[in-house]
Amino acid sequence: MGAGVMKKGGGGGRRRRGRAGRHQAMAEINVTPMVDVMLVLLIIFMVAAPMMTVGVPLELPKTAAKAVPTEQEEPLTISLQLDGTVSMMNTPVPMEELIGRLQAVAQERESDKVFLRADGGIEYSRVVEVMGALNAGGFSNITLVTDVGGPSLGGQAPATGQ
């Protein structure tokens, strides 16, 4: 693939016995296969990267609130689906195990920030119940995630700038 064999040049002269002087290793490296592999990997990662975002499909309520500034450490995301399923990042978690898992995660993380995503059709009491579990698990900085473009108080049009 990368190294080949090149015949030794030269016409006349003495003849040597054995194989010792007839062939010399080629010192050139063929870079084309490596470039091909790297381009294929680049395309794979470009296609796969948008699909690697955290997300449980939800119908988030719309509000006129502004976006929260991003941080260096990815915040923990808790999602409440319409059927009552609670998910930590992408993993469904039974409600009985939620506080224990939150306490384990809180010990490993520097930030106590958590994003709470809840489907718009969920009862308020269920959202508050999960917020209580988050607080008991060691997370006091809870951010409620919504979609932009919803109604604002006072009948004004929603703000589109961030």
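Whatever comes next refers back to the structure up there.
Let me sum up the structure you'll find in this document. (Residues numbered from 1 in each chain as written. Predicted model: local features only at pLDDT ≥ 70, side-chain atom pairs only at ≥ 80, totals over all residues. Heavy atoms only, no water.)

Some remarks on the pairing of strand S7 (residues 113-118)
Right, so step 1: Within S7, five of the six residues are buried, leaving the element largely enclosed by the surrounding structure.
Right, so step 2: With five bridges connecting them, strand S4 (residues 76-80) and S7 associate as parallel partners. Among the inter-strand pairings, leucine 76 is bridged to a residue of S7, identified as valine 114.
Right, so step 3: When S7 meets strand S8 (residues 141-145), the two strands line up parallel, connected through five bridges. Following the sheet pairing, leucine 116 is matched in S8 by leucine 144.
Right, so step 4: Once you follow S7 into helix H3 (residues 124-136) and on to S8, the crossover reads as right-handed. (Buried < 20%, exposed > 50% of the residue type's maximum accessible area, 1.4 Å probe, protein only. Helix = DSSP H or I, 4+ residues; strand = E, 2+ residues; numbered from the N terminus. Pairing = 2+ DSSP bridges. Right-handed = clockwise from strand over helix to strand, strands pointing away.)

Observations concerning the nonpolar core
Right, so step 1: Grouped together as the largest cluster of nonpolar side chains are 17 residues, with contacts concentrated most on Ile78, Leu80, Leu98, Leu102 and Val130.
Right, so step 2: For this core, the elements supplying multiple residues, two or more each, are S4, strand S5 (86-88), helix H2 (95-108), S7 and H3.
Right, so step 3: Considering each element in turn, this core owes the most residues, four residues, to H3.
Right, so step 4: Apart from the residues within four sequence positions on either side, leucine 102 is in contact with Leu76, Ile78, Met88, Ala133, Leu134, Gly137 and Phe139. (Core = buried A, V, L, I, M, F, W, Y, C linked by side-chain atoms within 4.5 Å. Contact = heavy atoms within 4.5 Å.)

Things to note about unusual backbone geometry
Right, so step 1: For methionine 89, which is not glycine, the phi torsion reads 60° and is therefore positive.
Right, so step 2: Tracing the chain through its elements places methionine 89 in the loop between S5 and strand S6 (91-92).
Right, so step 3: Here methionine 89 falls in the partly exposed class, since its relative accessible area comes to 24%.

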